[in-house]
Amino acid sequence: MLERCLEALAIVPDTWVVDATFGAGGHTRALLARGARVLAIDQDPRSSEHVEALRTDLGRAGVADPAERFRFVGGNFRDLAHLVHDAGLDDVRGVLLDLGVSSMQLDEGERGFAFRHDGPLDMRMAASGPSAADLVREASVEELAAWLHRYGEERHSRRIARAIVAARDAAPIVTTARLKEVVQAAYPPGPRRDHPARRTFQALRLVVNDELGALEAALAATAEVLVPGGRLVVLAYHSLEDRIVKRAFRDRADLRPLQKRPLEATEAEVEANPRARSAKLRAAEKVEASA
Ligand SMILES: C[S@@+](CC[C@H](N)C(=O)[O-])C[C@H]1O[C@@H](n2cnc3c(N)ncnc32)[C@H](O)[C@@H]1O
C-alpha cells in the first residue's frame, strides 16, 4: 500500500506534503526519499522518539537545512488547517491520512488498546481526555449500547452494555483483561468469525479518541489547505471510516475522487503486513469548488 500511497500523492519534488498520521514515521521517510518536504503531525506524544530518530538520520545523511525538509507538530489532525497555517505553509500539494492506531500503539499493553494484551483500560492516543476506563465507569447502559451499536456494529450491544454495568457494580472495570472477560461471558454461544471483544474494543477506542469526528473535520480542513491539483490520500481500516471518506469525496465540490472503488492490498502485501488486509485506499484531487 505504501507504493500506491506514494503514487496517488503524485509527489512533486521539493513541495510540501502533510503526513497527518506520522506514527513511527514510515510513510514520512518514504515521502522524504521521493524528494517531498514533509510536515508531520501526530497526537501521540510517543511519536517524538521517532521524530528524533528521523532528525538524527537526516543529520547523518548531511541534509542541508533539515527544517526545510522535515517538520513535526504534535496535535490532532482535526486542527489540520491551523497546524498548517501556524507552520507558515500555504502551498501544500499533498495530505496523507493513514488512519487508526499504529501497530506500535496496539502492541504496547500499557496503552490499553488491545484485548490481546492485558493493561490499564486507557485507549487514549493523546495524553489528555477521559480514558476508556472513565467511559466504562460513567456511561449508562443506553450510552454504552449506542456506542457498541454505532461504532462497533455490535449485534449484541444491549446485552454487552448490561453486562458491563452489572460487572462494574461488583468491581470497577479498569483493565483490558477484565473488560474482555466481561464481554466474553456476555456473548451468546455459537460460531463467530472474530473475537467477541473485538467490536467492543473498537467502539470504545473510537469514542475515546473521537476518531470519526476528527476524520470528518480533517477531510474538510484538507480541502482547505491543498493547492488546486493537490492530492489527498486516505488509508481506512474499517467500514465506518471508509464510509465517511467515500461520502466526503462524493459530496464535496472541491474534491474529485481519483478512483470509483477503493484500492485494496494484494495478497503479497497482506502477507508482508497482515494489517493491510482491511486497508482501503481512496485518493482525491483538489479542484476549484466552482469547477
Ligand atoms: C496507522 S498509524 C500511522 C503509521 C504511520 N503511517 C507510519 O508509517 O508509521 C496512525 C497514527 O495516527 C495517529 N493519529 C490517529 N488519529 C489522529 C488524530 N486525530 N490526530 C493526530 N494523529 C492521529 C496515531 O496516534 C498513530 O500514530
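Residues numbered from 1 in each chain as written. Predicted model: local features only at pLDDT ≥ 70, side-chain atom pairs only at ≥ 80, totals over all residues.

1. A closer look at the overall build of the protein chain
For step 1, the next point in the chain: A count of helical and extended segments in the protein chain gives 13 helices and eight strands.
For step 2, the next point in the chain: Taking 291 residues into account, the globule formula puts the C-alpha radius of gyration at 19 Å, and the protein chain, at 20 Å, falls close to it.
For step 3, the next point in the chain: Taken along its principal axes, the extent of the C-alpha atoms in the protein chain is 60 × 45 × 40 Å.
For step 4, the next point in the chain: Scored against the burial criterion, the 291 residues of the protein chain give a buried share of 42%.
For step 5, the next point in the chain: Nonlocal contacts in the protein chain, meaning residues at least 24 apart in sequence, comprise 66% of its contacts between residues at least 6 apart. (Helix = DSSP H or I, 4+ residues; strand = E, 2+ residues; numbered from the N terminus. Rg over C-alpha atoms; globule rule 2.2 N^0.38 Å. Buried ≥ 20, exposed ≤ 12 C-beta atoms within 10 Å, placed from the backbone. Contact = placed C-beta atoms within 7 Å.)

2. Details of the pairing of strand β3 (residues 70-74)
For step 1, the next point in the chain: Note: strand β2 (residues 37-42) against β3, five bridges, orientation parallel. Each bridged residue has a counterpart across the sheet, and for Val38 the counterpart in β3 is Phe70.
For step 2, the next point in the chain: Each parallel crossover has a hand, and for β2 linked through helix α3 (residues 48-60) to β3 it is right-handed. (Pairing = 2+ DSSP bridges. Right-handed = clockwise from strand over helix to strand, strands pointing away.)

3. Comments concerning the packing of helix α7 (residues 141-152) against helix α10 (residues 198-208)
For step 1, the next point in the chain: Their axes nearest at 8 Å, the elements α7 and α10 cross at an angle of 95°. Judged by the inter-axis angle, α7 sits roughly perpendicular to α10. Contacts from Trp147, Leu148, Tyr151 and Gly152 in α7 reach Arg199, Thr200, Gln202, Ala203, Leu204, Leu206 and Val207 in α10.
For step 2, the next point in the chain: For the contact of α7 with α10, the per-class residue count stands at seven nonpolar, three polar and one charged. (Axes fitted to C-alpha atoms, helices over the stretch in contact; angles between N-to-C directions. Parallel < 35°, antiparallel > 145°, perpendicular 65-115°, else oblique. Nonpolar A, V, L, I, M, F, W, Y, C, P; charged D, E, K, R; others polar.)

4. A word on the site of the ligand
For step 1, the next point in the chain: Taken together, 19 residues lie around the ligand, and Thr21, Gly23, Gly26, Gln43 and Ser102 are the ones closest in.
For step 2, the next point in the chain: The set of elements that each furnish at least two residues to the shell around the ligand consists of α2 (26-33) and β2.
For step 3, the next point in the chain: A breakdown of the residues in the shell around the ligand according to their chemical character gives five nonpolar, 10 polar and four charged. (Near = placed C-beta within 6 Å.)

5. A word on the environment of Glu3
For step 1, the next point in the chain: With respect to the element layout, Glu3 can be found in helix α1 (residues 2-9).
For step 2, the next point in the chain: Placed 27 residues apart in sequence, Glu3 and Ala30 show a C-alpha to C-alpha distance of 8.9 Å.

6. Some thoughts on the packing of helix α8 (residues 157-170) against helix α9 (residues 176-186)
For step 1, the next point in the chain: Contact geometry for α8 and α9: axes closest at 9 Å, N-to-C directions at 130°. In terms of orientation, α8 and α9 fall into the oblique class. The crossing of α8 and α9 is right-handed. Packed against α8, whose contacting residues are Arg159, Ile160, Ala163, Ile164 and Ala167, the element α9 presents Val182, Val183, Ala185 and Ala186 at the interface. (Left-handed = near helix turned anticlockwise from the far one by under 90°.)

7. Describing the domain arrangement of the protein chain
For step 1, the next point in the chain: Each assigned domain of the protein chain is listed with its residue range as follows: domain 1 (2-104 + 211-286) and domain 2 (127-208).
For step 2, the next point in the chain: Summarising the inter-unit geometry, the C-alpha centres of domain 1 and domain 2 are found 31 Å apart. (Domains from an automatic or database assignment.)

8. Examining the environment of Ala132
For step 1, the next point in the chain: Residue position: Ala132 is located in helix α6 (residues 132-138).
For step 2, the next point in the chain: Sequence separation of Ala132 and Leu89 is 43 residues, and the distance between their C-alpha atoms is 36 Å.
For step 3, the next point in the chain: Not counting the four nearest positions on each side in its chain, Ala132 is found in contact with Gly112, Leu121, Asp122, Met123, Leu204 and Val208.

9. Comments concerning unusual backbone geometry
For step 1, the next point in the chain: Here Ala10, not a glycine, exhibits a phi torsion of approximately 45°, which is positive.
For step 2, the next point in the chain: For Ala10, a count of 15 C-beta atoms within 10 Å translates into the label partly exposed.
For step 3, the next point in the chain: Phi at Met123 is positive, roughly 75°, even though this residue is not glycine.
For step 4, the next point in the chain: For Met123, the position within the fold is in the loop between α5 (103-107) and α6.
For step 5, the next point in the chain: Given 25 C-beta atoms within 10 Å, Met123 falls into the buried group.

10. Description of the pairing of strand β5 (residues 226-236)
For step 1, the next point in the chain: Within β5, eight of the 11 residues are buried, leaving the element largely enclosed by the surrounding structure.
For step 2, the next point in the chain: In the sheet, β5 pairs with strand β8 (residues 280-286) via six bridges, with the strands oriented antiparallel. By the bridge assignment, Arg231 is partnered in β8 with Glu285.

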